[in-house]
Amino acid sequence: MSFRDAKSTVEVEDLRREFKGKEGRVLALDGVDLKVREGEVFGVLGPNGAGKTTMIRILSTLLLPSSGSARVMGWDVAKQPEKVRPLISTASGAERAGYDYITARGNLWFFSQLYGLPSKLAHERINEFSEMLGLTDYLDRKFYTLSTGYRQRVTVVRAFINDPKVVFLDEPTIGLDVMTALKIREFLVKQAKESGRTILLATHNMAEVDAICNRVGIIDKGKILACDTPMALKRSLGAPALVMEMTPAPDSASLEPLGKLEGVKGFTSSIDEERGVGRVQVVVDSDESAQGALDFARKSGMNLISNWRQQTTLEEVFVALVGRGFREREHESPS
Amino acid sequence: MNPRASLWLKTVYARTWVRTKSIYGEPLWVAVNVGFPFFTSLALSLLYSSAGLKAGIGFAFLGGVMVSFWGNVLWSMASQFNWDKQQGLFELYVTSPAPISAILIGMSLGGILGTAPSAMTLAIIGWLLFAPPATPLWPLVALTFALTLASLYAMGMALSSLYLVYGREADSVNEALHEPVSFLSGVYFPSSLAFPAALQAVVLIIPLAVGMDALQRTLFSLNSTGATDLTPVYRDLLLLAIMGITLLFAASKALKILEEKGRRAGTIAVRQK
Amino acid sequence: MSYLSSIIASIRVGWSRDFGWTNPFLGFSLKTIAPIASTMTAVTVLYIGFRNGTSIASGQFPMLLGFILIGATLYAHISAYSWVPTLAIAEGKWTFVFPQVYVSPKSSPPYLAGRCLAAFASSTVTSVASFAVAIVLSSLLFGVAIPLVITPLSISLFGVALVVNILASMGLGFLLGAYAIFASKFEWALPTYVSGLLMVFSEALFPVSLLPHPFSDIGNVLPFTEFIRASRAVLLPLGSVSSYFYYLALSFVGGSTLLAIGLLAFRYAERRARRLGVLDRKVV
């Protein structure tokens, strides 16, 4: 599906947000520009503290920006929140919000009333979405009796019950088992495709982004570093990564020249202690660069036992953009 | 019907439903909520009896009834938004088109309906056990009770906005407010017979104090002739009406201001860890 | 880690929790104001009874005021710390602290004992403060001088009674904790009932002899009743040191018995909860 011709439902221009904390000022968003189109599942991918949640909070009218503008369905989120709210909904993976002594159905009905839905319609939607998410048998149980996975399914149903045009989801599958996460992703894709909803999905789960997002914006330290389809982003590195295994494992000094080779964007090395084997993963921009890296390894006297080309992951894209992996955050910042 | 009015009514109904369903869905709540007020009323009744004032028993049990509502105002009205915020529910309210005032009214109605069974149970037990001497002026009692509850819950709404800002210490503030306000309001005794005039005038800013004074006068005779002087009652009723309207207005305005402040400072949503 | 070091660590945690305020003065005030108010409610009821009732002579009123001031303050003190174990368990289940404590080498009794002792310390401080304020307020409001015996001897003996009462309160705490281990909701309900019962049966506001038989007998065997009687014996002029030691001994025996029962009940509850798998069941 081409989204180029679809109208923009979310427009963000030079969005900034600063927080004043005990440690001083923190810039959570630093000039973000973004356009998301109708029917798109747009992933906002970044490590903890990158600014994902801050952006979601601004777009869902919970937070005012320090400067810049953000519009949802044409309405300004800062100045016209009352116009935005009937058109959106929001759900967070950390949430599991509900009233414990009310059934799941009762909770869902309650939230539907905050959007003025007729009860009959609300129950129809509850039944329909619960069926899709395998929640039907649990609807009449009290909320506090539900496991984490089922509470999250209730949260996701709640996010769609008011027929929103735009849905903001903040790590909706965090901490969930594989089957539940899969069911929720399938549901999201179906909602976007069949109902033309725009879904903005903030996550640090690359597999999720790869699986369901039409486009992804990679965010770090409050800035969008790249924005394109997952395939295009991976292709932007030029070529699949080269993986080499050698024994004995090479030391870091002998690997240093590898990073300076033409066409090599970066590399990571690790040791498989059990097998006594060193593994080097090289991010390259072309097949020629990969061959160059292979030749270097052989000429340096490394005893190569195997090598292969590996599909580039979004983490490698992130490494290439930022120079470090998701796990190498220096500090937390509020997002 | 006008869509805004329809949304307002649906929200009020839904929030009332959630609160009453939570309580009536767990009948144990009634027994739980009766316990402590009953023993307090019983202990104070025995104290009144030991002093030779049987009429005091009525004050003790009326106090137990009203303390049930006062406790509900503090713990389930004033603190509710703070707890909703901890659970991630408050931000769902803010991001929905539903007016916060409707949610507050729904909470109040739900609170009153939810507390009524335990309060009534306490009143009935007191009546059956002790048959306190009473000279009720029932129409006036009903009006006084309704106005007292209205202004009490309006105060709860106003407090809920304060708790949104100072929510961390909510439990401690509740504990600190509960007893002192009960004492100053003369929940278990007629303050007009105990407090000096200056103190009586000061406590008239507390809706519960005004309501208790009116209820005690309309239910029990406070003087030796057995007749009830209604002038203070009418004064109290007027005060309650004014307080109720003022507090409702203040609550609505305060929450709007705090929502705006919260959006600016980023404090509406508590980051869940 | 020895039992003692576990207890000491738990005391520190409990104290930080109770008094770890950013503004200690504010925290202290907030904790003191409720006991003052509840004591003042009781004495005001007595005053109204005295002024409008038929059973209290003028000369008796100041002594009765002292009687109630002591009883109401001590009742609030006992209530404040005897249900801390319940609170620690409920809160600990919510935060997953309790299961972690349970599986530690010394398990939960030293932790709960330490929390109880911390609450005893904080409650003693706030109770003494609220007692002093209540005396001043009562004197001002009712225009009487309250006949209290405040000497180094009476205070020391009172202090001993306070310490001896820890046995009973901790025993009650463990008994309530045995219930809290199983409760997944309303874990605070039973302590509020017990608190209410204590108000009636512990002679806090009136002699238990006013209660019809056999209820008065219940009051007479409670160690809390003996503790309050012992305190009145040294703090009020009509008491005597011999009656103080008599009540103190009963408080000690009753308290030790209650503590033994409480510990046994708690241990049994833990074993049973472990079998049923509810030790880490989340509370609602």
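The rules behind these values
- Residues numbered from 1 in each chain as written.
- Chains lettered and ligands numbered in written order.
- Predicted model: local features only at pLDDT ≥ 70, side-chain atom pairs only at ≥ 80, totals over all residues.
- Heavy atoms only, no water.
- Helix = DSSP H or I, 4+ residues; strand = E, 2+ residues; numbered from the N terminus.
- Rg over C-alpha atoms; globule rule 2.2 N^0.38 Å.
- Buried < 20%, exposed > 50% of the residue type's maximum accessible area, 1.4 Å probe, protein only.
- Contact = heavy atoms within 4.5 Å.
- Areas by Shrake-Rupley, 256 points an atom, 1.4 Å probe, with all protein chains shown as cover.
- Lys, Arg positive; Asp, Glu negative; His and termini not counted.
- Charge placed at Lys NZ, Arg CZ, Asp CG, Glu CD.
- Axes fitted to C-alpha atoms, helices over the stretch in contact; angles between N-to-C directions.
- Parallel < 35°, antiparallel > 145°, perpendicular 65-115°, else oblique.
- Nonpolar A, V, L, I, M, F, W, Y, C, P; charged D, E, K, R; others polar.
- Left-handed = near helix turned anticlockwise from the far one by under 90°.
- Buried area = accessible area lost by both parts, 1.4 Å probe.
- Salt bridge = Lys/Arg side-chain N within 4 Å of Asp/Glu carboxyl O.
- Polar contact = N/O pair within 3.5 Å; in protein donor to acceptor, adjacent residues only side chain to side chain.
- Core = buried A, V, L, I, M, F, W, Y, C linked by side-chain atoms within 4.5 Å.
- Expected span 1.5 Å × (residues − 1).
- Phe/Tyr/Trp six-rings, centres within 6.5 Å; stacked < 30°, edge-to-face > 60°.
- Lys NZ or Arg CZ within 6 Å of the ring centre and 35° of its normal.
- Pairing = 2+ DSSP bridges.
- pLDDT = per-residue confidence, 0-100.
- Disulfide = S-S within 2.5 Å.
- 1 Å grid on protein atoms, 1.4 Å probe; cavity = no way out; pocket = protein on both sides within 12 Å on 5 of 7 lines; lining within 4 Å.
- Points joined across faces, edges and corners; volume = space filled by probe spheres on them.

Glancing now at the overall build of chain C. What chain C contains, in helices and strands, is eleven helices and zero strands. Tracing chain C from N to C terminus, the helices and strands come up as α-α-α-α-α-α-α-α-α-α-α. Taking 2.2 N^0.38 as the reference for a compact globule, 284 residues should give roughly 19 Å; the C-alpha atoms of chain C span a radius of gyration of 20 Å, in line with that estimate. Along the first, second and third principal axes, the C-alpha set of chain C runs to 60 × 45 × 35 Å. Per-residue burial for chain C yields a buried fraction of 56% across its 284 residues. Put simply, 79% of the contacts in chain C that link residues at least 6 apart link residues at least 24 apart. Accessible surface for chain C amounts to roughly 12000 Å². Of this, 70% is attributable to carbon and sulfur atoms. The averaged location of the 8 negative side-chain charges in chain C is 6 Å from the averaged location of its 17 positive side-chain charges.

With that settled, the discussion passes to the packing of helix α4 (residues 119-133) of chain A against helix α6 (residues 178-195) of chain A. Residues and elements named next belong to chain A. Contact pair α4 / α6: the axes reach a minimum separation of 9 Å and the direction vectors enclose 130 degrees. With respect to each other, α4 and α6 are oriented oblique. On the side of α4, the interface is formed by Phe129, Met132 and Leu133, while α6 contributes Lys183, Ile184, Phe187, Lys190 and Gln191. Class assignment for the residues of the contact of α4 with α6 results in five nonpolar, one polar and two charged.

When two helices pack together, you describe them by how their axes are tilted relative to each other and by the distance separating the axes. Residues and elements named next belong to chain C. Helix α11 (residues 241-276) packs onto helix α7 (residues 152-182) with a crossing angle of 20 degrees between their chain directions and a minimal axis gap of 7 Å. One element, α7, and the other, α11, form an angle in the roughly parallel class. Where α7 crosses over α11, the two elements pack in a sense that is left-handed. Of the residues belonging to the contact of α7 with α11, the class tally is 26 nonpolar, six polar and two charged.

In this structure, Ser289 of chain A sits in helix α10 (residues 287-299). In this view, Ser289 of chain A contacts Glu262, Gly263 and Val284 of chain A; residues no more than four positions away in its chain are not counted.

A few words on the interface of chain A and chain B. Contacts between the two partners involve 36 residues from chain A, matched on the other side by 39 residues from chain B. For the chain A and chain B pair, buried surface summed over both sides reaches about 3200 Å², with 61% attributable to carbon and sulfur atoms. By the criterion of area lost to chain B, the three top residues of chain A are Leu62, Tyr99 and Leu114 of chain A, representing 22% of everything that side buries. Here chain A and chain B share one salt bridge between them. Between Glu259 of chain B and Arg85 of chain A there is a salt bridge, with its nearest N and O atoms 3.1 Å apart. Across the contact surface, chain A and chain B share eleven residue pairs in polar contact (both at pLDDT 80 or more). Of all the secondary structure elements, the ones that give two or more residues to the side of chain A that touches chain B are β1 (8-21), α1 (52-59) and α3 (104-113) of chain A. Ranked by the residues each element gives to the side of chain A that touches chain B, the list is headed by α3 of chain A, at five residues. The class makeup of the residues in the side of chain A that touches chain B is 21 nonpolar, nine polar and six charged.

Before going further, it helps to examine the nonpolar core. Among the nonpolar cores identified, the biggest contains 204 residues, and Phe81 of chain B together with Leu205 of chain C are the most heavily contacted of them. Discounting residues that sit within four places of it in the chain, Leu205 of chain C has contacts with Ala43, Leu44 and Leu47 of chain B together with Ala42, Phe67, Ile68, Ala72, Met199 and Arg232 of chain C.

Next up on the list: helix α2 (residues 28-50) of chain B. What sets the pattern is the α-helix's 3.6 residues per turn: residues three or four places apart point alike. Taking 1.5 Å of rise per residue, 23 residues should cover 33 Å, and α2 of chain B covers 33 Å from first to last C-alpha, within 8% of that figure. A positive backbone phi angle near 80 degrees is found at Gly52 of chain B, which sits one or two residues after α2 of chain B.

With that settled, consider the packing of aromatic side chains. Applying the stated criterion to the full structure yields 30 aromatic pairs over all chains. Residues Phe110 of chain A and Tyr93 of chain B carry aromatic rings whose centres are separated by 6.1 Å and whose planes lie at 90 degrees to one another, so their mutual orientation is edge-to-face. On the criterion of chain membership, the pair formed by Phe110 of chain A in helix α3 and Tyr93 of chain B in helix α5 (residues 90-95) is interchain, its members lying in two chains. Both residues of the pair, Phe110 of chain A and Tyr93 of chain B, count as buried. Considering the side-chain rings of Tyr48 of chain B and Phe59 of chain B, the 6.4 Å spacing of their centres and the 50 degrees angle between planes classify their relative orientation as tilted. Highlighted residues: Tyr48 of chain B in helix α2 and Phe59 of chain B in helix α3 (residues 56-78), separated in sequence by eleven residues. Of the two residues examined, Tyr48 of chain B and Phe59 of chain B, each falls in the buried class. Members of the aromatic cluster, each reached through a chain of ring pairs, are Tyr99, Phe110 and Phe111 of chain A together with Phe81, Phe90 and Tyr93 of chain B. Over the aromatic face of Phe19 of chain A sits the side chain of Arg17 of chain A, whose NZ or CZ is 4.6 Å from the ring centroid. The ring centre of Phe111 of chain A lies 5.4 Å from the NZ or CZ of Arg158 of chain A, which sits over that ring.

Residues and elements named next belong to chain A. The antiparallel open sheet is built from four strands, whose spatial order is β2-β1-β4-β5. The outermost strands of the open sheet, each flanked by one partner alone, are β2 (24-37) and β5 (75-76). Pairing of β1 with β2 involves eleven bridges; the strand directions are antiparallel. Pairing of Lys20 across the sheet is with Arg25, part of β2.

By secondary structure assignment, the location of Ala320 of chain A is in helix α11 (residues 314-322). With 36 residues separating them along the chain, Ala320 of chain A and Val284 of chain A place their C-alpha atoms 9.6 Å apart.

What follows deals with the confidence of the model for chain A. Of all residues in chain A, 93% attain a pLDDT of 70 or more, and the chain-wide mean is 87. Of the regions scoring below 50 in pLDDT, residues 327-335 of chain A engages in 23 contacts with residues more than four places distant in sequence or in other chains.

All names here are of chain A. Under the definition given, this model contains zero disulfides over all chains. The closest cysteine sulfur to the non-disulfide-bonded Cys227 is located on Cys213, 11 Å from its own sulfur. Under the relative-accessibility criterion, Cys227 is labelled partly exposed at 31%.

Looking at helix α4 (residues 80-87) of chain B, one finds that the buried residues are Gln80, Phe81, Asn82, Asp84 and Lys85 of chain B. The first or second residue beyond α4 of chain B is Gly88 of chain B, which carries a positive phi of 85 degrees.

Our next topic: the layout of surface pockets. When its volume is computed, the second largest pocket comes out at roughly 760 Å³. Lining the second largest pocket we find 25 residues, and of these Glu82 of chain A together with Pro97, Ala98, Pro99 and Lys256 of chain B sit closest to its centre. Among the secondary structure elements, those contributing two or more residues to the lining of the second largest pocket are α2 (81-84) of chain A together with α1 (3-24), α5, α6 (100-130) and α11 (231-265) of chain B. The element contributing the most residues to the lining of the second largest pocket is α11 of chain B, with six residues. Looking at the lining of the second largest pocket residue by residue, the class counts come to 14 nonpolar, four polar and seven charged.

The next point concerns the pairing of strand β3 (residues 41-45) of chain A. All names here are of chain A. Counting buried positions along β3 gives five out of five residues, so the element sits mostly inside the fold. Here β3 shows a buried face lined by Val41, Gly43 and Leu45 and a second buried face lined by Phe42 and Val44. Both β3 and strand β9 (residues 215-220) contribute to a ladder of four bridges, which runs parallel. By the bridge assignment, Leu45 is partnered in β9 with Ile218.

It is worth spelling out the confidence of the model for chain C at this point. Detailed reading of the predicted model is not advised wherever pLDDT is low. All names here are of chain C. Put simply, chain C has an average pLDDT of 89, and 98% of its residues get 70 or more. In the model of chain C, helix α5 (residues 97-102) stands out as the element of lowest mean pLDDT, 83, in contrast to helix α10 (residues 223-235), which has the highest, 96. Two summary scores accompany this predicted model of the complex, namely pTM at 0.83 and ipTM at 0.90.

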